[in-house]
Amino acid sequence: MANERKTCMILGSAPIEGDKIPTEFPVENCYVICADGGIDTAARLGISPNLIVGDFDSAQTALPQDVETIRLPVEKDETDMLYAIKEGFRRGYSNFILLGGLGGERFDHSIANLCVLSYIADRGGRAVMADGKTRVFVMNNGRLVFTDLKGSTLSVFPFGVNACTVTYKGLQYPLTQQVLRLNDAMGVSNCIIEDRAEVFLHQGRALVILLEK
């Protein structure tokens, strides 16, 4: 069972813009797992993790002796980030914050981490991947609500499917059960114009990217 901390924060190895944790994600309220080179991120930001997992092929920081550590083989079928998510689920968590999972030199790892968001959504969990002013979500159903974000940019794309059907409220270009298709970037760069904005997903799977003003 998860302890009183309701959210699991996963730290990856990609650079975090501004080298600081966004204030909306207080570390003290989270169970923190470092995925491989995420231990470097934790050391740089002065964060004491609860768990460290990985094959440590990229970590530069010496592993602390007083923190639970799971060593993984270098040759394996899942990324260190995905293993960290699975371990979070095993420990009773279903709400995740992924930091250090976007950008950096490995675009392929960024794509792999989008797949991790899909893995979480498929299992009924909730997750956001964040970097600087960027927030990324994967939706299988339901809605996302954004408050007090006027002027921010919102983009929606089908993810892992050929199309998804969405409704927007509070955006510059509202949509009502509009089909967004994989080969047409119609969902890019909408703008939040009200204090409360909503994205409803009626069918398919959607990748939602928020760029805060």
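The present account deals with the structure reproduced in this document. (Residues numbered from 1 in each chain as written. Predicted model: local features only at pLDDT ≥ 70, side-chain atom pairs only at ≥ 80, totals over all residues. Heavy atoms only, no water.)

With respect to the overall build of the protein
Here is step 1 of the chain: Within the protein, the secondary structure is distributed over 3 helices and 14 strands.
Here is step 2 of the chain: The C-alpha atoms of the protein give a radius of gyration of 18 Å, which matches the 17 Å a tight globule of 213 residues would have.
Here is step 3 of the chain: Viewed in the frame of its principal axes, the protein has a C-alpha envelope of about 55 × 35 × 35 Å.
Here is step 4 of the chain: Looking at the protein residue by residue over its 213 residues, the buried ones come to 50%.
Here is step 5 of the chain: The long-range share in the protein, meaning contacts at least 24 apart out of those at least 6 apart in sequence, stands at 61%.
Here is step 6 of the chain: For the protein, the computed accessible surface area is about 10,900 Å², with 48% contributed by carbon and sulfur atoms. (Helix = DSSP H or I, 4+ residues; strand = E, 2+ residues; numbered from the N terminus. Rg over C-alpha atoms; globule rule 2.2 N^0.38 Å. Buried < 20%, exposed > 50% of the residue type's maximum accessible area, 1.4 Å probe, protein only. Contact = heavy atoms within 4.5 Å. Areas by Shrake-Rupley, 256 points an atom, 1.4 Å probe, with all protein chains shown as cover.)

Regarding the sheet that holds strand β5 (residues 95-99)
Backbone-to-backbone hydrogen bonds join strands into a sheet, with any given pair of strands oriented parallel or antiparallel.
Here is step 1 of the chain: Read across the sheet, 10 strands follow the order β4-β3-β2-β1-β5-β6-β7-β14-β9-β12 without closing on themselves; strand pairing throughout is mixed. This sheet does not close on itself; its edge strands, each paired only once, are β4 (68-71) and β12 (190-191).
Here is step 2 of the chain: In terms of strand pairing, strand β2 (residues 30-35) meets strand β3 (residues 51-54) through 3 bridges, oriented parallel. Bridge pairing in β3 places Cys34 opposite Ile52. (Pairing = 2+ DSSP bridges.)

Considerations on the packing of aromatic side chains
The geometry of two aromatic rings is summed up by the distance between their centres and the angle between their planes.
Here is step 1 of the chain: For the structure shown, the criterion picks out 4 aromatic pairs.
Here is step 2 of the chain: These aromatic residues form a ring-pair network of at least three members: Phe89, Phe96 and Tyr119.
Here is step 3 of the chain: Just above the ring of Tyr83 sits the side chain of Arg90; from NZ or CZ to the centre is 5.2 Å.
Here is step 4 of the chain: The ring of Tyr119 carries the charged tip of Arg123 above its face, separated from the ring centre by 3.6 Å. (Phe/Tyr/Trp six-rings, centres within 6.5 Å; stacked < 30°, edge-to-face > 60°. Lys NZ or Arg CZ within 6 Å of the ring centre and 35° of its normal.)

Examining the sheet that holds strand β10 (residues 163-169)
Here is step 1 of the chain: Strand order in the open sheet made by the 4 strands is β8-β13-β10-β11, with antiparallel pairing throughout. Single-partner strands in this sheet number two, and they are β8 (142-147) and β11 (178-181). Averaged over all pairs of adjacent strands, the angle between strand axes in this sheet comes to 30 degrees, irrespective of strand direction.
Here is step 2 of the chain: The sheet contact formed by β10 and strand β13 (residues 196-203) spans 5 bridges and is antiparallel. Paired with Lys169 across the strands is Glu198, a residue of β13. (Axes fitted to C-alpha atoms, helices over the stretch in contact; angles between N-to-C directions.)

Things to note about the side chain of Asp131
Here is step 1 of the chain: One can find Asp131 in strand β6 (residues 126-131).
Here is step 2 of the chain: Although Asp131 is buried, it makes no salt bridge; Arg135 carries the closest opposite charge, 7.3 Å away.
Here is step 3 of the chain: Excluding residues that lie within four positions of it along the chain, Asp131 makes contacts with Pro15, Ile16, Glu17 and Leu102. (Lys, Arg positive; Asp, Glu negative; His and termini not counted. Salt bridge = Lys/Arg side-chain N within 4 Å of Asp/Glu carboxyl O.)

Distances and angles like these do not, on their own, reveal function.
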